[in-house]
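Overview (structure and organization)
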Amino acid sequence: MPRDQIIRYFSTFALLLLLVAISAQVDTQISLSSQWELLKNFSQRQLLANNFDEIMFVESQLPRIVMAILVGGMLGLVGSLMQQLTQNPLVSPLTLGTASGAWLALVIVNVFFPSAVGEYASFAAMLGAMLTLGLVILIAGIRNMSGLPVVLAGMAVNILLGAIATAIILLNDQYAKNLFIWGAGDLAQNGWQQVQWLLPRLSVAVLIFIFAPRILSLLRMGQAGAAARGLNIIPAFLGLFAIGLWLVASSITAVGVISFIGLLAPNIARQLGARTPKDELFFSMLLGALVLVATDALAMLMSVYTFDLVPSGTAAALIGAPALIWFTRRKMGAQDQLSLSLPKSRYQMASKALPLMALCLLVLTIISLFISKATVEQEVVWLFSLPDAFGWEVRWPRLLTSMAAGAGLAVAGVLLQRLIYNPLASPDILGISAGATLALVGGSIFLGLNIFEGTTSLAFIGSMSVLGLLLILGKRHQYAPSMLILTGIALTALIEAMVQFALARGDETSYTILSWLAGSTYRVTPLSALILTASVALLIGFAVITVRWLTLISTGREFAKARGLNVPKAFLLLLCCVALLCGAVTATMGPVAFVGLLAPHMAVILGAKRAELQIPVAAMIGAGLMIFSDWLGQNLVYPSQIAAGTLVAIVGGLYFIALLIQGRKAA
């Protein structure tokens, strides 16, 4: 072993031991000498622990540290394995969506098959992760595993599966209370049982060190070179991925979802000099353990000083999200640009088509108001009837909110796509809606605000902050779609971790926040519906009035400047319009995914290619989509309800996946 490698391993191991020692001192009242005595006579710990503090040390703090080492090491190892197999430094269980697949499988088992949780949870998580990986490979293509498309496919699948999991939890909340802390990722232990359960399941990691180094060395020569030297690539690839996913699934089953470790550790390992496949695997495992021990110690310190439980997954995201942005900025290359464009259309829409679309929107409105399921003589039937006074009081605010939210997000998507020349730009994909979400959830947690009465100004600050950060970070790459989307992924993951911190309490507030996060019109008041409608109407009116700015900027900044337009001022005002639209919608009904992507694309497919036509067409499509989703959510599983935002996320996620497949075929 080279001298520099020995020094690197020794110093990292010494730092890990130091962090373990520091972690053991967090929130403990027993002296170092007592700790040493308990460690020396560990086999007799139950006899030697004489008071509550000593029992907590040996039955809670020590197994927690061991669990952090085990899980962190496995996540680092699997992250390195995935990145070397795909030759993609941005691949991890997080970015591939496999963690979401495992999470959805665990939600299904907990809700529908609770008796099987103890024995089959890890197998269910493994199956969910494997199916997710298969779906991602199907979307991106086996030959695109080394590029950006696989990360985008993972993001799309992540949003889709997350929406399904949220719907299941909300429809079966009485069976899902234990899932909140699990979803946040927490290493807290009440004994050594979980460690004893996990340890044998992680023993298969030995197979990675036996078989992976040679396979990974051959893959570095390229697939053709590896095949020429006798490697059967697909079985080797799938076999090693299966082992890695088993390790991830077992870890998630034990401690919940902890993101970013599998992404950070291999990148840090390469930065510190790991070169050979075997060296990177070992060093990533060591660094994964080190990073998770450090982040868990940070989580415990935060819990002590805030007097509230801070899950380990939240602390990991606080470190991991900025790191993903940093690695993205360093690793982005020309080969990572997307071969995607707005959908092509043979049609050219005339302005007279707008009244026909308005008529279709009116028909949807009538259906939403007058056709619904009801219980008549203990039988659920469809009814066409005029709503009574109470029914009208409930329905019209929901209808108005759906219409305004859909139209507002659709116009925000049109503006974004044309301003930054990005066919995938939408408020949710770039994290702009998530910024509003973070501001409102933060206000709910730390300021005691009612999240259903969140202020538009607070949501606007959150949206504008993320938008400003995106523009600052994306300037280096000329606002390339790849750069902005990966930055949006990082910001969204960070925000999701903060939201999970709120949900980890598991009280009634958690369900309130979760139902709001699903994008529901259920608790919208008449006043908030009217305010949202007026705000969206004014902002869309501003977009229509300034459509010449948008047309000139979307043609080219230099061209717009030559025509006398003050480009920076127009650009900033239109971006403020986007942030206000996102803030107003999010403050009223919660985050809604994919409308800002889907509606502008559908408008172009219908032939609305000019900005002055695309804006109203997209607005009507977005409004119709939200009205239909809200009506379907009210009746699909009557008397229960599915949030409109959840249904839109599922439909939009499927569309985004189809868009990625189409882009792969066109490349």
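Keep in mind the model is a prediction, meaning the values are calculated, not measured. (Residues numbered from 1 in each chain as written. Predicted model: local features only at pLDDT ≥ 70, side-chain atom pairs only at ≥ 80, totals over all residues. Heavy atoms only, no water.)

Turning our eyes to something else, we now look at the overall build of the protein chain. Counting secondary structure elements, the protein chain contains 28 helices and two strands. Of all 667 residues assigned to the protein chain, the portion counted as buried reaches 59%. In the protein chain, of all internal contacts separated by at least 6 residues, the share reaching a separation of at least 24 is 79%. A total accessible area of about 28000 Å² is found for the protein chain, and carbon and sulfur atoms account for 66% of it. (Helix = DSSP H or I, 4+ residues; strand = E, 2+ residues; numbered from the N terminus. Buried < 20%, exposed > 50% of the residue type's maximum accessible area, 1.4 Å probe, protein only. Contact = heavy atoms within 4.5 Å. Areas by Shrake-Rupley, 256 points an atom, 1.4 Å probe, with all protein chains shown as cover.)

Here we come to a nonpolar patch on the surface. A contiguous nonpolar surface patch, about 600 Å² in accessible area, is contributed by L356, L359, L362, V363, I366 and F384. When you line up the elements, L359 lands in helix α16 (residues 353–370). (Patch = residues over 30% accessible without salt bridge, like charges linked within 9 Å, V, L, I, M, F, W, Y side chains within 5 Å. Salt bridge = Lys/Arg side-chain N within 4 Å of Asp/Glu carboxyl O.)

According to the stated counting rule, one finds four cavities of 30 Å³ or more in the structure shown. Around the second largest cavity sit 13 residues that line it, and P93, L94, A99, I258 and S259 are the ones nearest its centre. Contributions of two or more residues to the lining of the second largest cavity are made by α12 (233–255) and α13 (261–271). Considering only residue class, the lining of the second largest cavity consists of ten nonpolar, three polar and no charged. (1 Å grid on protein atoms, 1.4 Å probe; cavity = no way out; pocket = protein on both sides within 12 Å on 5 of 7 lines; lining within 4 Å. Points joined across faces, edges and corners; volume = space filled by probe spheres on them. Nonpolar A, V, L, I, M, F, W, Y, C, P; charged D, E, K, R; others polar.)

With that out of the way, let us pick up the confidence of the model for the protein chain. Scored by pLDDT, the protein chain has a mean of 80; 85% of the residues are at 70 or more. Predicted confidence for residues 333–340 stays below pLDDT 50, and this span has 21 contacts to residues more than four positions away or in other chains. (pLDDT = per-residue confidence, 0-100.)

Once that is clear, we can look at the pattern of salt bridges. By the definition in use, this model includes six salt bridges. E280 is paired through a salt bridge with R270; the nearest N and O atoms lie 2.6 Å apart. Here E280 is found in helix α14 (residues 277–306), whereas its partner R270 is found in helix α13, with ten residues between them in sequence. Residue class for E280 comes out buried when judged on its relative accessible area of 2%. Of the charged contacts in the structure, one is a salt bridge between R398 and D630, with a shortest N-O distance of 3.2 Å. Here R398 is found in helix α17 (residues 389–419), whereas its partner D630 is found in helix α27 (residues 611–635), with 232 residues between them in sequence. An identical accessibility class is assigned to R398 and D630; each is buried. A single network of salt bridges, built from pairs that share partners, joins R220, R270 and E280.

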